[in-house]
Amino acid sequence: FRNIAFGLGRGHTGGIIRNNFIYRPEGGDAGIEIQGANGVKVYNNTVRIVGYRGAIEIRQSQNIDVANNLVTQDIWDRGGNSGLLLRGNMTFAKDEEFLSLDSPFLNSTSKAIGTGVFLDDVIDDIEGQPRTDVFDIGADQIK
């Protein structure tokens, strides 16, 4: 129903959510939810969900950095946030970006290739391949 969550109103400080692949072809909640957290980084995830407005949802949190995520829905700012930084993300990604429906791997013509921002905290991808020189959006770094 919900895949990864930090805080959920109980408070959470620090941490990083990176290089994850979430695929949910049926309805549910957010793929990644940040609620009542401070100083969390959400980097280079691929979230492919249907039936919910926010692939990544952030609310009542501080100093959250969301970068280089490839998602098929929106990154939803639910309010009550301060210091929310969104950069290098690709929302509403289409099936054509991927090799197959249930895969995090990018098609060679994907718009996510080479359009990400450099992140010190993400030196490799979901398979352990290095991210150098060119930075792709999402969990996969195509080479």
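Remember, it's a predicted structure, so these values are computed and weren't measured experimentally. (Residues numbered from 1 in each chain as written. Predicted model: local features only at pLDDT ≥ 70, side-chain atom pairs only at ≥ 80, totals over all residues. Heavy atoms only, no water.)

**Side note on the pattern of salt bridges**
Phase 1 of the analysis: For the structure on display, the rule yields eight salt bridges.
Phase 2 of the analysis: The salt bridge involving E57 is made with R59; its shortest N-O contact spans 3.4 Å.
Phase 3 of the analysis: What makes E57 buried here is its relative accessible area of 0%.
Phase 4 of the analysis: Put simply, R87 and D65 hold a salt bridge, and the shortest N to O gap is 2.7 Å. (Salt bridge = Lys/Arg side-chain N within 4 Å of Asp/Glu carboxyl O. Buried < 20%, exposed > 50% of the residue type's maximum accessible area, 1.4 Å probe, protein only.)

**Some remarks on the packing of aromatic side chains**
Phase 1 of the analysis: This structure, assessed with the given rule, holds three aromatic pairs.
Phase 2 of the analysis: Here F118 and F135 contribute two aromatic rings whose centre-to-centre distance is 5.4 Å and whose plane-to-plane angle is 65°, an arrangement assigned as edge-to-face. Placement of F118 in the segment after β13 (85-87) and of F135 in the segment after β13 is noted, with a sequence separation of 17 residues between them.
Phase 3 of the analysis: F135 sits in the buried class, given a relative accessible area of 16%.
Phase 4 of the analysis: A cation over a ring is seen here: R48 above F98, with NZ or CZ 3.8 Å from the ring centre.
Phase 5 of the analysis: The ring of W76 has R78 sitting right over it, with the charged end atom 4.2 Å from the ring centre. (Phe/Tyr/Trp six-rings, centres within 6.5 Å; stacked < 30°, edge-to-face > 60°. Helix = DSSP H or I, 4+ residues; strand = E, 2+ residues; numbered from the N terminus. Lys NZ or Arg CZ within 6 Å of the ring centre and 35° of its normal.)

Read these as spatial facts, not as claims about activity.
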